[in-house]
Amino acid sequence: MYITGQCNKTERLVMTALMIALVIIGTIVLRIPVPMTHGYVHLGEAMVYLSVLILGKKNGSFVAAAGSALADVFGGFAAFAPWTLLIKFGMAFAMGAILEFADRPHPQHAQGRSVNPLLVSVLAMTASGVLMCLGYFIAETIMYGNHIAALTEVPWNIGQFSAGIILAAAINASLKKALSGHL
């Protein structure tokens, strides 16, 4: 299921570093401010999802946590970095766990049924996005001192993870198609 499934350690290390950079760039470069909370939405979410799709649960979780927390620090939101580190790690880990579960052999496969990889990926990314919304709701409730301010971020976070799902699925499909003859 993963694009880098047959890479050696050096290639995996390079891909991990590249994905951290892409998460940072996707988070910082195109930010849409959320006036009610002084936060922002971004396209880094797509790179978080893509890192798990490409690198798997372990490295993808590291990329999501490190890249997103560094983007907070570099982008002027250092107070969020510890929360982001935990939230992004958790969401990527959960996504990777769902993908791993779906990728293991099931008795239904022997009967000719198979799991649609795109559907599984979208469901895993959606579950991950819901965890992100919940995580930031809790973090912002603590940081802002009330749940109403934190609640105003939820629709923006849903939009962010939804756009991330679409972009990550499209990029992943394109990468798989382009690399199909080279793996």
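Structural notes, computed from the coordinates.

What counts as what
- Residues numbered from 1 in each chain as written.
- Predicted model: local features only at pLDDT ≥ 70, side-chain atom pairs only at ≥ 80, totals over all residues.
- Heavy atoms only, no water.
- Helix = DSSP H or I, 4+ residues; strand = E, 2+ residues; numbered from the N terminus.
- Polar contact = N/O pair within 3.5 Å; in protein donor to acceptor, adjacent residues only side chain to side chain.
- Contact = heavy atoms within 4.5 Å.
- Axes fitted to C-alpha atoms, helices over the stretch in contact; angles between N-to-C directions.
- Parallel < 35°, antiparallel > 145°, perpendicular 65-115°, else oblique.
- Nonpolar A, V, L, I, M, F, W, Y, C, P; charged D, E, K, R; others polar.
- Salt bridge = Lys/Arg side-chain N within 4 Å of Asp/Glu carboxyl O.
- Buried < 20%, exposed > 50% of the residue type's maximum accessible area, 1.4 Å probe, protein only.

This part covers the side chain of Lys88. Counting through the fold element by element, Lys88 comes out in helix H3 (residues 81-103). Here Glu45 takes part through its side chain, which lies 2.6 Å from a polar atom of the side chain of Lys88. If we skip the residues at most four places from it in the chain, Lys88 touches Glu45, Ala64, Ala65, Ser68, Met132, Tyr136 and Gln160.

In this section: the packing of helix H2 (residues 44-74) against H3. Two measures define how a pair of helices packs: the angle their axes make with one another and the distance between the axes. H3 packs onto H2 with a crossing angle of 175° between their chain directions and a minimal axis gap of 8 Å. Considered as vectors, H2 and H3 are oriented roughly antiparallel to each other. Of the residues assigned to the contact of H2 with H3, the class counts are 19 nonpolar, 5 polar and 5 charged.

Counted by the stated rule, this structure contains 2 salt bridges. Glu45 is paired through a salt bridge with Lys88; the nearest N and O atoms lie 2.6 Å apart. On the criterion of sequence distance, the pair formed by Glu45 in helix H2 and Lys88 in helix H3 is long-range, its members being 43 residues apart. With a relative accessible area of 0%, Glu45 lands in the buried category. A salt bridge links Lys57 to Glu100, with the shortest nitrogen-to-oxygen separation between them at 3.2 Å. Linking Lys57 in helix H2 with Glu100 in helix H3, this pair joins segments that are 43 residues apart in sequence. Exposure remark for Glu100: the relative accessible area of 36% places this residue in the partly exposed category.

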